[in-house]
Amino acid sequence: IAILYLTVPYEDLGTWGGVVAIGALMGCGRAVWENTNRAIYADLFPCSEIPTAYANMYMTTGCTTFLSLFIFPSLNVETMCVLILIPSFLMWPGYKRAISAARKAGVYRTNHTYKPLSTLEKGPSSLGAGTSSSSSGAQAKGSSFSPAAPMLSTGDLFDEDEEEEAYGALISL
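The text that follows walks through the structure, step by step, so that each part is easy to find. (Residues numbered from 1 in each chain as written. Predicted model: local features only at pLDDT ≥ 70, side-chain atom pairs only at ≥ 80, totals over all residues. Heavy atoms only, no water.)

### Considering the overall build of the protein
Working step 1: Check the secondary structure of the protein and you find seven helices and zero strands.
Working step 2: Tracing the protein from N to C terminus, the helices and strands come up as α-α-α-α-α-α-α.
Working step 3: A buried classification covers 20% of the 173 residues belonging to the protein.
Working step 4: For the protein, the share of sequence-separated contacts (at least 6 apart) that also reach a separation of at least 24 residues comes to 53%.
Working step 5: Carbon and sulfur atoms make up 65% of the accessible area of the protein, which totals about 11900 Å². (Helix = DSSP H or I, 4+ residues; strand = E, 2+ residues; numbered from the N terminus. Buried < 20%, exposed > 50% of the residue type's maximum accessible area, 1.4 Å probe, protein only. Contact = heavy atoms within 4.5 Å. Areas by Shrake-Rupley, 256 points an atom, 1.4 Å probe, with all protein chains shown as cover.)

### Re the layout of surface pockets
Working step 1: In this structure, the largest pocket encloses a volume near 2000 Å³.
Working step 2: What lines the largest pocket is a set of 47 residues, among which Gly29, Trp33, Pro87, Ser88 and Met91 lie closest to the centre.
Working step 3: Looking at the lining of the largest pocket, the element that brings in the most residues is helix H3 (residues 16-44), giving 15 residues.
Working step 4: For the lining of the largest pocket, the per-class residue count stands at 32 nonpolar, 11 polar and four charged. (1 Å grid on protein atoms, 1.4 Å probe; cavity = no way out; pocket = protein on both sides within 12 Å on 5 of 7 lines; lining within 4 Å. Points joined across faces, edges and corners; volume = space filled by probe spheres on them. Nonpolar A, V, L, I, M, F, W, Y, C, P; charged D, E, K, R; others polar.)

### Quick notes on the environment of Ala24
Working step 1: Its place among the elements puts Ala24 in helix H3.
Working step 2: Along the sequence, Ala24 and Ile1 sit 23 residues apart, while their C-alpha atoms lie 9.6 Å from each other.

### Observations concerning helix H4 (residues 50-71)
Working step 1: Counted at 1.5 Å a residue, the expected span for H4 with its 22 residues is 32 Å, and the 31 Å between its end C-alpha atoms agrees.
Working step 2: All of the buried residues in H4 are Ile50, Ala53 and Met57. Each buried residue of H4 sits inside an arc of 60 degrees when the element is viewed along its axis, so together they form one side. Turned more than 90 degrees away from the buried face of H4 sit Pro51, Thr52, Met59, Leu69 and Phe70, all of them exposed.
Working step 3: Here the buried face of H4 lies against H3. (Expected span 1.5 Å × (residues − 1). Arc of directions from axis to C-beta.)

### Here we look at the packing of H3 against H4
Working step 1: As a packed pair, H3 and H4 sit with axes 10 Å apart at the nearest point and diverge in direction by 135 degrees. By the angle between their axes, H3 is oblique relative to H4. Note on packing geometry: the crossing formed by H3 with H4 is right-handed. Residues Trp33, Asn37, Arg38, Tyr41 and Ala42 of H3 touch H4, and the partners they reach there are Ile50, Ala53, Tyr54, Met57, Tyr58 and Thr61.
Working step 2: Tallied by class, the residues present in the contact of H3 with H4 amount to eight nonpolar, two polar and one charged. (Axes fitted to C-alpha atoms, helices over the stretch in contact; angles between N-to-C directions. Parallel < 35°, antiparallel > 145°, perpendicular 65-115°, else oblique. Left-handed = near helix turned anticlockwise from the far one by under 90°.)

What follows is the structure, encoded as structure tokens:
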């Protein structure tokens, strides 16, 4: 969105095309934030530290949003765009560094096996993570953390009746 504001004249941003483009980009950004970003946190932190990691993520987001509400009104649009682009460009090297640190700590989970919905068999372990090695598979409640194990199984999320209902809902899609 910042690049759009830097490259497209303001008059064009106020047209239907500009509004649709901004809305589409905001939707893509929100989708990445709500899905991919959370999955990255889940892969990079041990299970016991995930609540703390999410709390830290939301506190940081809240604090930066709060500060931007006071700082941005006094800045011109070009400066705001640059302040948005700088962290955007730093995300990839930061992500690579976080993966490296998680691997050194032995908490980065890399052996997930994903199956298309059409290949899932009905049953408690079918919606859980993969079966690519003997150390992977659904992690039971109360078991100790294993870096090779997936973070959650469907048993952690649903009881048997809810799991059957969730499976049915997924298949009907």
